[in-house]
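Structural characterization, general
Given next are the chains, with one letter for each unit.
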Amino acid sequence: MYDFSKMTGAIHEWLSSLMPSILVTTIEWVLIGVVFLALFAILGLVLVILERKIAGFFQFRLGPNRVGPYGMFQTVADTVKLLLKELVSTNKVDKFLYNVAPFFVIIAPLMIMAVIPYGFGLTAYDINVGLLFVMAVSSIGVVGILLAGWSSNNKYSLIGAMRSGAVIISYELSMGLSALLAIVLLAGSLNLNDIVMSQQAGWWLFRGHIPAIIAFVIYIITGTAETNRVPFDLTEAESELGAGYHAEYSGIKFAFFFLSEFVNMFIISALAVTIFLGGWLPFHIPGWEGFNNSMNYIPGPVWFFLKTGVIIFLLMWFRWTFPRLRIDQILTLEWKYLLPISLLNLVLMAFVVMMGWVF
Amino acid sequence: MTTTDVNTNLKTQEYLINMGPQHPAAHGVLRLILTVDGEIIHKVDPDLGYIHRSIEKMCERDTYKQIVHLTDRLDYLSSHINNEAVCLAVENALGIEVPDRVKYIRTIMAELTRLASHQLWWGVMGMDIGALTAFMYAFRDREMINDIMEETVGARLTMNYNIPGGLMFDIHPGFQKKVKDFIKHFRKALPEYNTLLSDNIIFKKRLQGIGYISKEDAIAYGVSGPSARGSGISCDVRKIHPYSAYDKVEFNEILIEGGDSYDRYMVRMKEMEESMNIIDQLIDNIPEGDFQVKTPALIKLPKGEYYQKVETARGELGVFIISDGKKSPYRFKFRSPGFSNLSILDKISRGHKIADLVAIMSSLDFVIPDIDR
């Protein structure tokens, strides 16, 4: 497999031979920033059109089909429209918080994107506490949602934000403490690159068998809740609250909230892939040498985005199938069922690892 | 009922929320003034009048043949049945016996209308609970009924097919085949509805035990239609006071004893099957004959009071006419099912959450122009 750190290393050396080191660092920062912003924008555009097309598929309709071939440029047109819209704000909003909230929401997924391994040696920020960093940073998003709801001077927004706060804070427990920690026990590291590399013999989902599958299911449930998507979309709850916390936002500020939902979905899927499904590692079946060798020719990033796409499709499938839960049902599900199950699962996983019952 | 008896010394404050007149769950322009504590509803105060068009007053101005047109705009999803109520009232007052053909076609059309209405309700119910795909499923099938209506009647929603003395035109030659095709299709589609929503655990949890109407309350508040039958009250006008061709068909009145939102939901789901059964029995047996009885150009009802009730998709629609012998009625009053059903909303949604209120409102199946008139 190709080591992308060779490529990035070559760029670094080339830049170092041209200019002093402080300038090199600055340029590299800017480069990485631009790359991630571009990735962010592209992900937003692609995922939105994907969601609309998939929704159309589930609902016997075509989805957008006017702008460009098969309507592929619909989201580009929408973005341009949102960029050009006037930024309206209601009376008596808390101006500072109101304006700062969208940035909170958008910064969280951007920061997480830095630690995700997209390929061999292709991580912007390879830290040894990667998973901890992810859990810590993903909580910033909820601050943005709470601020948006609070500062909007709208009761519906406030209800939506409060619901969101309650849901995300509770579901982070199950997600971090148990679903992710279970795999950390297996991999023996919090570094996302190490977790991926530890799966060369097989993906943790299969090697960790029962506890890993339980952890995966819990992760998908909590991940859906973290992204505020159906069946946990009570933050926006169209039929109850209008649009929930972002009801009063317009133009590009609204687009920030809208895009962050989709990029968050990508993050959740990417983490699921990294932790459970072998990240950018190719799909191998033990014993099938020819098949495995041919799979190795597909580059790592392609595998990564392919697997992520599968999980994203799963999340979209949920969205267009399930009804919405109620706030007390969601909290009951977490505190009475998911949290105990995942704690027990953690113990089970520790036992499995201790006994060496890993395939 | 939710448990809110956690004893903390925190003082909470009630606040008001205006749900509507522009709100996605209002399905029109119903304004509910909610008094809530956090998410828990303490009081629901419906504020009506946003779509009041003074239809009853306009009826006193128009001739009897013109009045039929106005009734389309009451409960626009049962427009055919509304027409039928007025026509039956006028026909009974004049002592006109319409041909069997008219009765059969009216009944088939009424049941198609009921099916379309229940389909729309089902889709909207799904949407209110958060399952957006249900809406598209419902509209796929409802489209077929609308096409049938368009072919025969010329209109898709406000059909205006009945006139005092019969029907506006005869049925389209392809009517019977199209209806049979639709029934064949819908018999397959209805199980899909059940797998998508009725059997979904989230959906059940959202509705079961929510918005309980006891038998006594239902009678006291005048709840009618599927909403009352979900509480086990036999109130189907088609069964108790058969009109048109309902005395010639066999069908079951769906009664479920439970009284919560899910029971009301199931009543409507089963009613769709019954409607298909009724159409099945009638569609091949439409008698030959006239589609109209000749009536005078200007109908004048004899002096007196007349009342006719029919079963619309939402419940019992009553038409009360006081005639002073002139070309227009002296007083025209509709007893609309939506208004009575709305009156119980406050009682049954207290103590529930805002999300439940939306579910309860869908389970009572409001059409706002029917409430306001």
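Below: a short report on this structure.

Rules used throughout
- Residues numbered from 1 in each chain as written.
- Chains lettered and ligands numbered in written order.
- Predicted model: local features only at pLDDT ≥ 70, side-chain atom pairs only at ≥ 80, totals over all residues.
- Pairing = 2+ DSSP bridges.
- Helix = DSSP H or I, 4+ residues; strand = E, 2+ residues; numbered from the N terminus.
- Axes fitted to C-alpha atoms, helices over the stretch in contact; angles between N-to-C directions.
- Contact = placed C-beta atoms within 7 Å.
- Nonpolar A, V, L, I, M, F, W, Y, C, P; charged D, E, K, R; others polar.
- Parallel < 35°, antiparallel > 145°, perpendicular 65-115°, else oblique.
- Left-handed = near helix turned anticlockwise from the far one by under 90°.
- Buried ≥ 20, exposed ≤ 12 C-beta atoms within 10 Å, placed from the backbone.

**Side note on the sheet that holds strand S3 (residues 40–47) of chain B**
Residues and elements named next belong to chain B. Taken together, three strands build an open sheet; the order of strands is S1-S2-S3 and the sheet is antiparallel. The open sheet has two free edges, formed respectively by strand S1 (15–19) and S3, since each of these has just one partner strand. The sheet shows a mean angle of 25 degrees between the axes of neighbouring strands, taken without regard to direction.

**Quick look at the interface of chain A and chain B**
Listed per partner, the contact involves 25 residues of chain A and 27 residues of chain B. Each residue belonging to the side of chain A that touches chain B can be placed in one class, and the counts come to twelve nonpolar, five polar and eight charged.

**Remarks on the packing of helix H4 (residues 95–115) of chain A against helix H12 (residues 251–276) of chain A**
Residue and element names in this part refer to chain A. Packing of H4 against H12 leaves a shortest axis separation of 9 Å and a crossing angle of 25 degrees. It follows from the interaxial angle that H4 and H12 lie roughly parallel. Handedness of the crossing formed by H4 with H12: left-handed. In this structure, H4 uses Pro102, Val105, Ile106, Pro109, Ile112 and Met113 to contact H12, whose residues at the interface are Lys253, Phe256, Phe257, Ser260, Val263, Asn264 and Ile267.

**Points about the pairing of strand S2 (residues 31–37) of chain B**
All names here are of chain B. Side-chain alternation along S2 places Leu32, Leu34 and Val36 on a buried face and Arg31, Ile33, Thr35 and Asp37 on a face that remains uncovered. Relative to S2, S1 is paired through five bridges, and the arrangement is antiparallel. Across the sheet, residue Leu16 finds its bridge partner in S2, namely Thr35. As paired elements, S2 and S3 share seven bridges and run antiparallel to each other. Within S3, the position partnered with Thr35 by the bridge is Lys43.

All quantities given are derived from atomic positions and should not be read as evidence of function.
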